[in-house]
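One-letter residues, chain by chain:
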Amino acid sequence: MNTTTLILNTFGLCGILATIVGGFVVVRATKEAKTAEVWKAEAEAQKARGDRLELDLTEIKERLKRIEQENARLIQILTAIDPERLLILRRTE
């Protein structure tokens, strides 16, 4: 084997190796990009769920506030009608 053939074979092997390494890099980058897309989609879904829960919690707080106000009015009415009855109800709680 002469020197020229040896050099060409070496360059050929280096070219093959470079192609394999380049392919690996491309495959890995593609996988990471897809993983990033999946995580981004999951993060968006979690944010949407969080936003819905926040709205639900706000609604629950508003309902509770209305119930407490209605309770206060009912206690006032009951106290005006029969104060002793209110005392009996409070003792049983």
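Coordinates for the structure precede this section.
Just so you know, these numbers come straight off a predicted model, no measurement behind them. (Residues numbered from 1 in each chain as written. Predicted model: local features only at pLDDT ≥ 70, side-chain atom pairs only at ≥ 80, totals over all residues. Heavy atoms only, no water.)

### Side note on the overall build of the protein
Working step 1: Within the protein one finds two helices and zero strands.
Working step 2: A total of 93 residues make up the protein; the buried ones form 1% of that total.
Working step 3: Put simply, the protein shows about 8700 Å² of open surface, and 65% of that area lies on carbon and sulfur atoms. (Helix = DSSP H or I, 4+ residues; strand = E, 2+ residues; numbered from the N terminus. Buried < 20%, exposed > 50% of the residue type's maximum accessible area, 1.4 Å probe, protein only. Areas by Shrake-Rupley, 256 points an atom, 1.4 Å probe, with all protein chains shown as cover.)

### Some words on the pattern of salt bridges
Working step 1: Summed over the entire model, instances satisfying the criterion amount to five salt bridges.
Working step 2: For R49, the salt bridge is made with E42, and the minimal N-O distance between the two is 3.9 Å.
Working step 3: Judged by its relative accessible area of 35%, R49 falls in the partly exposed class.
Working step 4: Residue R73 is joined to E70 by a salt bridge in which the shortest nitrogen-to-oxygen separation is 2.8 Å. Taken as a pair, R73 and E70 lie in helix 1 (residues 3-81) at a separation of three residues, close to a single helical turn. (Salt bridge = Lys/Arg side-chain N within 4 Å of Asp/Glu carboxyl O.)

### Description of a nonpolar patch on the surface
Working step 1: A cluster of nonpolar side chains, contributed by L17, V21, F24 and V25, occupies part of the molecular surface with about 390 Å² of accessible area.
Working step 2: Its location among the elements puts F24 in helix 1. (Patch = residues over 30% accessible without salt bridge, like charges linked within 9 Å, V, L, I, M, F, W, Y side chains within 5 Å.)

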